[in-house]
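Here is what each chain is made of, one letter per residue.
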Amino acid sequence: LKMSWFWFYLPLHLLMAACLCHSIKAPTTSSQQSFKTDLFNFYHSLILADGKETTIHLLKDIPKRYYFVLEEGRALAPFTITVTPCDVPIEWSILVHKASASFLGKAARGDHDTQEVAKSQKAPSMVSTIFNYKGNSVETYMGMSSHSALYMLEFLSTERDTHITVYLATDTASGHLYPELPNDPRIDVTGIGHTTVTLTWKHSPSVLQHRENIQYCLLVNEKHNYKSLCAAETAIRSSGMKLPPTLALSLSPYLLEPQQVMILSNSELSIINKASSGEVRQVCMGTKNAYTVPNLSPSTQYYFDVFVVNLLTNASAAYTGTFARTLEEPEPKVMELKDGKVIQVVLDGKKQKFYSLQYQARHKKIQFTFQLCRGQVRVHITKNGKTVALENISGLRYFSLKGKLLDTYLVQLKSTEESNSSVKVQVSPYFHKLLFPLLPESLKIKSFSKLRTCNSVTIAWLGTQEESKYCVYKKRIEEDQVWRELRNVDRCSGPESRHKSEKVLCKYFYDINLQRAVTTETIKGLDAGTLYLFDVYLFGPSGTPVRYHSKVVKTRKKC
């Protein structure tokens, strides 16, 4: 560094000494080391950029200092300093060291002499703290300077490492980096539903002046309000998610991370960040100052923050956040069951809600019949408020119950899987003609490996003591279709859902001796080395089919 820069930095040393001793004296021999240490600290202070937002990283318990100079000739010159904490509360202060105009001017130009420096060192201190603050709110200091002065900003984080943004403006007439907030920056909750909340807020003056460069963005979460967009992004990142830069709010979908979902409809952009701690939604709606937040959960408290964003600079200003609790979910409607009538219920696995059915007994002995069509279902039956049955069902299940006339039965059904489940339900008097046929001990289909050929397979299944109709169907499938076919099969669907070409045969049989109630069939005309899905349907007197468990068999490749 040139010697002229040494004299420019000298006022920094004067400021440090003034803060510590309230007076500045030329260093003596005994204080040479202290003098050099102080000078070194300030020599490495940083100049704060004017008219530009500066990001500053703070280490815990280590102060960081920045300075700027207001030169002579700017009578009653206004300036502003805006500090935005992006995480934990911080401490920051502004100190000013006033010096003579000639000294600051010469120091800046490098025109100095030893006598003038000595006079400055011996002069009474003119250092004062003009502002200090501790917290995590966005704070703006507006000052007026009538003298040449050196200003120092000191920042300190005592909780943990963090970062902040600082904006210095000495030319306040050139416009605002940050969008302006209205005189009343509150967000009003104008409507609350079970899954929606409607919000309105007053327009920012910046929107009225620069409509094409300004837009509103809404942040929705279940934890707390955020005092700045910077703080919100920091919190979201710390929870394990990644956020795009604020510019993503100006409809830049390529900035989205894999953990994010973007929804664009009616000129509105929604960015949903998913994490184990919940959802955080960012919704940008242009210059509209009203918005209905959809797809919320009932009986849940949400926090809402509105930011007005300058699309050219990415700078933003925060309205005063609000919160609201969605309404409780209404009691599910209870469907009435009627004697002998069959209903099929589809259960939403994602919402994990109970589906309720009610029946008032007209007979002392009744029977509930459940046929599981898809997925897994839990059945809970109560009689007059007391539990009489509770279990997970599979296949076909009967519950025979005994009570009094006009007893009230409530059936609650719930999917135990995340995917949807479905079940058929019937209630009838115990002596009523059964909906389903008499079932064998097992609904499994067996294949005989030794009887497989290149163009035929042999299968067998159990029958009953009641003469019934059995129909066999086959379907050619690929290796990668096996799991899907077995997983997605609708066990309540009958042969009417199958293509005619898949039908193999229908036959009647029964045997009084259950040990001999077994039948076999050899299906011919198949292709070599090919997978086939076989199904057997059993029809009883009512005509309602029961589907055996599907069986996959592969013909031999070589014979």
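All values reported here derive from a predicted model rather than from experimental measurement.

Parameters and conventions
- Residues numbered from 1 in each chain as written.
- Predicted model: local features only at pLDDT ≥ 70, side-chain atom pairs only at ≥ 80, totals over all residues.
- Heavy atoms only, no water.
- Phe/Tyr/Trp six-rings, centres within 6.5 Å; stacked < 30°, edge-to-face > 60°.
- Helix = DSSP H or I, 4+ residues; strand = E, 2+ residues; numbered from the N terminus.
- Buried < 20%, exposed > 50% of the residue type's maximum accessible area, 1.4 Å probe, protein only.
- Lys NZ or Arg CZ within 6 Å of the ring centre and 35° of its normal.
- Disulfide = S-S within 2.5 Å.
- Core = buried A, V, L, I, M, F, W, Y, C linked by side-chain atoms within 4.5 Å.
- Patch = residues over 30% accessible without salt bridge, like charges linked within 9 Å, V, L, I, M, F, W, Y side chains within 5 Å.
- Areas by Shrake-Rupley, 256 points an atom, 1.4 Å probe, with all protein chains shown as cover.
- Salt bridge = Lys/Arg side-chain N within 4 Å of Asp/Glu carboxyl O.
- Pairing = 2+ DSSP bridges.
- Axes fitted to C-alpha atoms, helices over the stretch in contact; angles between N-to-C directions.

Q: For this particular structure, what's the right way to read the packing of aromatic side chains?
A: Working definition: an aromatic ring pair is given by the centre-to-centre distance plus the angle between the planes. All told, the structure shown has 21 aromatic pairs when counted by the stated rule. Between tryptophan 92 and phenylalanine 131 the ring centres are 4.9 Å apart and the planes differ by 50°, which places this aromatic pair in the tilted class. In this pair, tryptophan 92 sits in strand β5 (residues 90-98) while phenylalanine 131 sits in strand β6 (residues 127-135), placing the two residues 39 residues apart along the sequence. When the centroid spacing of 6.4 Å and the interplanar angle of 85° are considered together, the rings of tyrosine 359 and phenylalanine 368 count as edge-to-face. For the residue pair tyrosine 359 and phenylalanine 368, the accessibility class agrees, reading buried in each case. Pairwise contacts between aromatic rings join Tyr66, Phe68, Phe79, Trp92, Phe131, Tyr141, Tyr151 and Phe155 into one cluster. Here lysine 469 stacks its cationic end above the ring of phenylalanine 539, 5.5 Å away from the centre of that ring.

Q: Would you mind going over the state of the cysteines with me for this structure?
A: Linking two cysteines covalently via their sulfur atoms produces the bond known as a disulfide. On inspection of all chains with the given rule, the structure shows five disulfides. The partner cysteine of cysteine 217 in its disulfide is cysteine 284, sulfur to sulfur 2.1 Å. Taking the sign of the torsion about the S-S bond as the criterion, the disulfide between cysteine 217 and cysteine 284, at about 100°, is right-handed. With a gap of 67 residues between them, cysteine 217 in strand β12 (residues 214-221) and cysteine 284 in strand β15 (residues 278-284) connect regions that are remote in the sequence. An identical accessibility class is assigned to cysteine 217 and cysteine 284; each is buried. With its sulfur 1.7 Å from that of its partner, cysteine 373 forms a disulfide with cysteine 492. Between cysteine 373 and cysteine 492 the disulfide shows an S-S torsion of about -85°. By sign, it is left-handed.

Q: Could you clarify how one ought to interpret the nonpolar core in this entry?
A: Nonpolar side chains in soluble globular proteins tend to be buried together. By size, the foremost hydrophobic cluster in this structure holds 24 residues, and its most contacted members are Phe368, Phe370, Ile381 and Leu413. Breaking this core down by element, the ones donating at least two residues are β21 (342-347), β22 (355-360), β23 (365-374), β24 (377-383), β25 (386-393), β26 (396-402), β27 (408-415) and β28 (421-429). If one sorts the elements of this core by residue count, β23 sits on top with four residues. By size, the runner-up hydrophobic cluster in this structure holds 23 residues, among which are Val83, Val96, Tyr151 and Phe155.

Q: Mind showing me how you'd approach unusual backbone geometry here?
A: The phi angle of most residues is negative, glycine excepted, and most peptide bonds adopt the trans form. Notably, asparagine 295 is not glycine yet its phi reads approximately 55°, a positive angle. Within the secondary structure, asparagine 295 sits in the loop between β16 (290-293) and β17 (301-310). The residue leucine 406 is not glycine, and still its phi comes out positive at about 70°. For leucine 406, a relative accessible area of 57% corresponds to the exposed category.

Q: Looking at this structure, how should I read a nonpolar patch on the surface?
A: A contiguous nonpolar patch, built from Val189, Ile192 and Leu327 and spanning about 210 Å² of accessible area, is present on the exposed surface. Relative to the helices and strands, leucine 327 is located in the loop between β19 (322-325) and β20 (334-336). Its relative accessible area of 40% is what places leucine 327 among the partly exposed residues.

Q: So what exactly am I meant to see when it comes to the sheet that holds β22 here?
A: What holds strands together in a sheet is hydrogen bonding between their backbones, with the strands either parallel or antiparallel. Sheet architecture is open: five strands sit in the order β20-β22-β27-β24-β25, paired in mixed fashion. Looking at the sheet topology across the chains shown, the edges are occupied by β20 and β25. Within this sheet the neighbouring strands show an average axis-to-axis angle of 20°, counted without direction. Here three bridges tie β20 to β22, and the two strands are oriented parallel to one another. Bridging across to β22, glutamate 336 finds its partner in glutamine 358.

Q: Explain the sheet that holds β16 here, please?
A: Read across the open sheet, the three strands follow the order β10-β11-β16; overall the sheet is antiparallel. Looking at the sheet topology across the chains shown, the edges are occupied by β10 (187-192) and β16. Between one strand axis and the next, the sheet turns through 25° on average, direction left out of account. Note that β10 and strand β11 (residues 197-201) share five bridges and pair antiparallel.

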